[in-house]
Amino acid sequence: MAQWEVVIGLETHTQLTTVSKIFSGSSTEFGAAPNTQASVVDLAMPGALPVMNRGAVERAVKFGLAIGAKINRRSIFARKNYFYPDLPKGYQISQFETPIVQGGGLTITLDDGATKFIELTRAHLEEDAGKSVHEQFDAESGVDLNRAGTPLLEIVTEPVMRSAKEAIAYAKTLHNLVRYLDICDGNMQEGSFRCDVNVSVRPMGQKEFGTRREIKNLNSFKFMQQAIDYEVQWQIAEIEDGRKIQQATVLFNPDTGETKAMRSKEDAMDYRYFPDPDLPPLVVSDEMLARIKASMPELPEAKCARFSSQYGLSHYDALLLSQDGSTASYFETAVNAGADAKLVANWILGEVSASLNREDKTIEQSPVNAVRLSNLVARISDGTISHKIAKTVFEALWSGEAASVDAVIEAKGLKQISDSGTLEKIVDEVLAKSAAQIADYKAGKEKALMSIVGMVMKASQGKANPAQVNDIVRRKLA
């Protein structure tokens, strides 16, 4: 691998969150019976004319503004001609020479904390095709046209990524952004967010790109990682064995972990693009642009910076909390309810996230809402319960045992012991049985102190205030 450089570019199809299709009033709702949501417009029946969906345009402009791109105030729709069973018109309405969004980019953060700016080539509006169904029929295929005409924003990068890790980081960052902007639900299982990955390799130091192969319709980050890794190794092996890479469209088989060529890759000229005669140029007016700019939310990068400065969070914690709009809102709701920001951040990134991941839930589905978490953190801060006991309270709230933090503390008798007289009595009882630990401590072994504190905590059934116990033990041993 040291002799080879990987070159990767992504084309991502994001399904926009409009309730109707891009050129018709047909529903975009997922899961309807096959072929019940395809109108005469979607099928291009004679005399049926497309009408542009304003909501799709607004979402495209919103995305362009978020990535610092140029918004083309006048863009053109074209017909992309090709035959495929799930394309009922025989052409796809898309944008070619003049897309609605040009340029811009996203900053990604890698696992080691390094950042990289990924330049985007364009983002253009187009309609989705239908769906071919193979597994439900014996030696036959079916076609479901419900998806035909669904609005897509195809987002294309420059070939600037140099590893699968960079490609995954970009895809995840983009996935977070389109959901944050509420322009795409990001449901990869339903096909709302699909990535095509262009992969090539070239000898290290060579300026010219190698021949690329396009891996189509990857709908999970795990599969994307596996597909890129396999494709890179396959291309290197082919070249080293003296064979040439042929430009092709390939599919990834998750069962075998391999890519397989589906067809030779078409170039733009093969699609015979020409301006769609039924659609006038798309014009973004001054009024529309101003209105969309005014409605833009605080973007993740700005929110991350504010979380660091306003709440004193580390950059890493602020980054994790700000990338998802729902998580950011949960955090600020908890803090605004009166809890310490750093403690709230620790709990969200710790216990809350672990519990959500374990049960495959989103933060909106959390049984412990932001206000309850705030109350829990407040009880730690005021000394009512310890961090350890707080986990017991959290588990009770998560399982629905009680409606409030105080109710759990009262019902389970979990209130922390902070009375100095009571604590001194427990410490004296433990010290009377700890001659060996006392000797070790006086001999300079600091760990012996922690052992004594641990025994006191055990004797108090975890209810003693740990900070007070530490102070009392140190004072008595002095």
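The rules behind these values
Once a new chain begins, its residue numbering starts again from 1 and follows that chain's sequence as written. Selection of residues for local features in this predicted model requires a pLDDT of at least 70, selection of side-chain atom pairs for listing and counting requires 80 or more, and totals for whole chains, interfaces and linings are taken over all residues. Hydrogens and waters are ignored; side-chain quantities use all the structure's heavy atoms. Pairing between strands is defined by DSSP: at least two bridges between them are needed. Comment: elements are numbered from the N terminus, with helices defined as DSSP H or I runs of at least four residues and strands as E runs of at least two. Two aromatic rings from Phe, Tyr or Trp, using only the six-membered ring of Trp, form a pair when their centres are within 6.5 Å; if the ring planes differ by under 30 degrees the pair is stacked, by over 60 it is edge-to-face, and anything between is tilted. The rule is simple: take the accessible area with a 1.4 Å probe, protein chains only, and divide by the maximum for that residue type; under 20% is buried, over 50% is exposed, in between is partly exposed. Geometrically, a lysine NZ or arginine CZ counts as sitting over a ring once it is within 6 Å of the ring centre and also within 35 degrees of the ring normal. Candidates for patches are residues over 30% relative accessible area with no salt bridge; among them, like charges are joined within 9 Å and nonpolar side chains (Val, Leu, Ile, Met, Phe, Trp, Tyr) within 5 Å. For every accessible area listed, the method is Shrake-Rupley and the probe measures 1.4 Å; residues are considered covered only by the protein chains on display. Any Lys or Arg side-chain nitrogen found within 4 Å of a carboxyl oxygen on Asp or Glu counts as a salt bridge. Structural elements are reduced to axes, namely lines fitted to C-alpha atoms, with helices fitted over the stretch in contact, and the angle between N-to-C directions of any two is expressed from 0 to 180 degrees. In what follows, roughly perpendicular refers to angles from 65 to 115 degrees, roughly parallel to angles under 35, roughly antiparallel to angles over 145, and oblique to any angle outside these ranges. A crossing counts as left-handed when the near helix is turned anticlockwise from the far one by less than a right angle, and as right-handed when that turn is clockwise. What makes two residues a contact is simply this: any of their non-hydrogen atoms within 4.5 Å. Gly is placed with the polar residues, together with every amino acid not listed as nonpolar (Ala, Val, Leu, Ile, Met, Phe, Trp, Tyr, Cys and Pro) or charged (Asp, Glu, Lys and Arg). Domain borders in the structure are assigned automatically or taken from a domain database. What is meant by a nonpolar core is a set of buried Ala, Val, Leu, Ile, Met, Phe, Trp, Tyr and Cys residues, joined one to another through side-chain atoms within 4.5 Å. Expected span of a helix, by definition, is 1.5 Å for each gap between consecutive residues, and there is one gap fewer than residues. The term polar contact refers here to a pair of N or O atoms within 3.5 Å; inside protein, the definition further demands a hydrogen-donor-capable atom paired with an acceptor-capable atom, and it admits residues adjacent in sequence only when both atoms are side-chain atoms.

What is the right way to look at the sheet that holds strand 5 (residues 91-94) in this model?
Note: strands within a sheet are paired through backbone hydrogen bonds, in either parallel or antiparallel orientation. A sheet is described by the order of its strands in space; here 3 strands give the open sequence 5-4-16, paired in antiparallel fashion. Each edge of the sheet is formed by a strand with only one pairing partner; in this case those strands are strand 5 and strand 16 (274-275). For strand 4 (residues 78-81) and strand 5, the ladder comprises 4 bridges, and the chain directions are antiparallel. Note on strand 5: the bridge partner recorded for N81 is Y91.

Would you mind going over the packing of aromatic side chains with me for this structure?
Taken as a whole, this structure holds 10 aromatic pairs when the rule is applied. Judged by centre distance (6.0 Å) and plane angle (50°), the ring pair of F223 and F252 falls under tilted. With F223 in helix 3 (residues 221-240) and F252 in strand 14 (residues 248-253), this residue pair connects regions lying 29 residues apart in the sequence. Owing to a relative accessible area of 26%, F223 belongs among the partly exposed residues under this scheme. Aromatic side chains W347 and F394 sit 5.7 Å apart centroid to centroid with 50° between the ring planes, which places their arrangement in the tilted category. With W347 in helix 8 (residues 341-358) and F394 in helix 10 (residues 387-399), the pair connects residues that are 47 residues apart, well separated along the chain. Owing to a relative accessible area of 1%, F394 belongs among the buried residues under this scheme. An aromatic cluster is present here, built from Y82, F96, Y271 and Y273 joined pairwise through their rings. A cation over a ring is seen here: R213 above W234, with NZ or CZ 4.0 Å from the ring centre.

How should a nonpolar patch on the surface be read in this particular structure?
A cluster of nonpolar residues, Y84, L251 and M262, forms a patch on the protein surface that exposes about 250 Å² of accessible area. Turning to its location among the elements, Y84 is positioned in the loop between strand 4 and strand 5.

Any chance you could explain the packing of helix 8 against helix 10 here in plain terms?
To characterise two packed helices, one gives the angle between the axes of the helices and the distance between these axes. Two elements in contact, helix 8 and helix 10, have axes separated by 12 Å at closest approach and are oriented at 50°. In terms of orientation, helix 8 lies oblique with respect to helix 10. Crossing geometry of helix 8 relative to helix 10 is assigned as right-handed. Touching L343, W347, E351, V352, S355 and L356 of helix 8 are H387, A390, K391, F394 and W398, all from helix 10. Looking at side-chain class alone, the contact of helix 8 with helix 10 contains 7 nonpolar, 2 polar and 2 charged residues.

Explain the packing of helix 2 (residues 164-180) against helix 3 here, please?
Their axes nearest at 9 Å, the elements helix 2 and helix 3 cross at an angle of 155°. It follows that helix 2 is roughly antiparallel to helix 3 by the angle criterion. In this structure, the crossing between helix 2 and helix 3 has a hand that is right-handed. Residues A164, A167, I168, A171, K172 and H175 of helix 2 form the contact with helix 3, whose own contacting residues are F221, M224, Q225, I228 and D229.

Would you mind showing me how to read the domain arrangement of the chain here?
By a widely used convention, the size of an interface equals the accessible area lost when the partners come together. Domain parsing of the chain yields domain 1 (4-291), domain 2 (298-412) and domain 3 (420-477). In this structure, domain 1 and domain 3 have C-alpha centres spaced 63 Å apart.

I would appreciate a short explanation of the nonpolar core in the present structure.
Where a protein is soluble and globular, its nonpolar side chains tend to be buried together. Formed by 69 residues in total, the largest nonpolar core has its most connected members in L10, F63, I100, L125, Y170, M224 and I228. Broken down by element, the residue count for this core peaks at 9 residues, all from helix 2. When near neighbours in sequence (up to four residues on either side) are disregarded, Y170 contacts L10, T12, L106, I108, I118, L120, I155, T157 and M161. Residues V352, A396, V405 and L414 belong to the second largest nonpolar core, which totals 40 residues.

Where do I start with unusual backbone geometry in this structure?
If a residue is not glycine, its phi is most likely negative; likewise, a peptide bond is most likely trans. For A44, which is not glycine, the phi torsion reads 55° and is therefore positive. Here A44 shows up in the loop between strand 1 (4-15) and helix 1 (54-66). Here N217, not a glycine, exhibits a phi torsion of approximately 55°, which is positive. Judged by its relative accessible area of 42%, N217 is partly exposed.

Help me out: how do you make sense of helix 2 in this one?
An α-helix turns once every 3.6 residues. As a result, residues three or four positions apart point the same way. If you check helix 2, its first and last C-alpha atoms are 24 Å apart, about what 17 residues at 1.5 Å a residue would give, namely 24 Å. Of all 17 residues making up helix 2, 14 are buried, and the element is well covered by its neighbours. One or two residues past the end of helix 2 sits D182, with phi positive at roughly 60°.

Looking at this structure, I do not really get the pattern of salt bridges. What am I missing?
Once their charged atoms are close, side chains differing in charge can pair, the charge on each being opposite to the other. All chains considered together, the criterion is met by 25 salt bridges. D276 is paired through a salt bridge with R79; the nearest N and O atoms lie 3.0 Å apart. Remark: R79 occurs in strand 4 and D276 occurs in the loop between strand 16 and strand 17 (282-283); sequence separation between them is 197 residues. Accessibility assignment for this pair places D276 and R79 in one class, buried. When salt bridges that share partners are traced, they join E298, K303, R306 and E332 into one network.

So what exactly am I meant to see when it comes to the side chain of N72 here?
Along the polypeptide, N72 turns up in the loop between strand 2 (70-71) and strand 3 (74-75). Looking at N72, the relative accessible area reads 8%, which means it is buried. Among the polar contacts listed, one links the side chain of N72 to the side chain of K70, at a separation of 3.5 Å. Among residues more than four places away in sequence, those in contact with N72 are T98, P99, I100, Q102 and V284.

Sorry if this is basic, but what is going on with the environment of V377 here?
Here V377 lies in helix 9 (residues 370-381). Residues V377 and F221 lie 156 residues apart in sequence; the distance between their C-alpha atoms is 34 Å.

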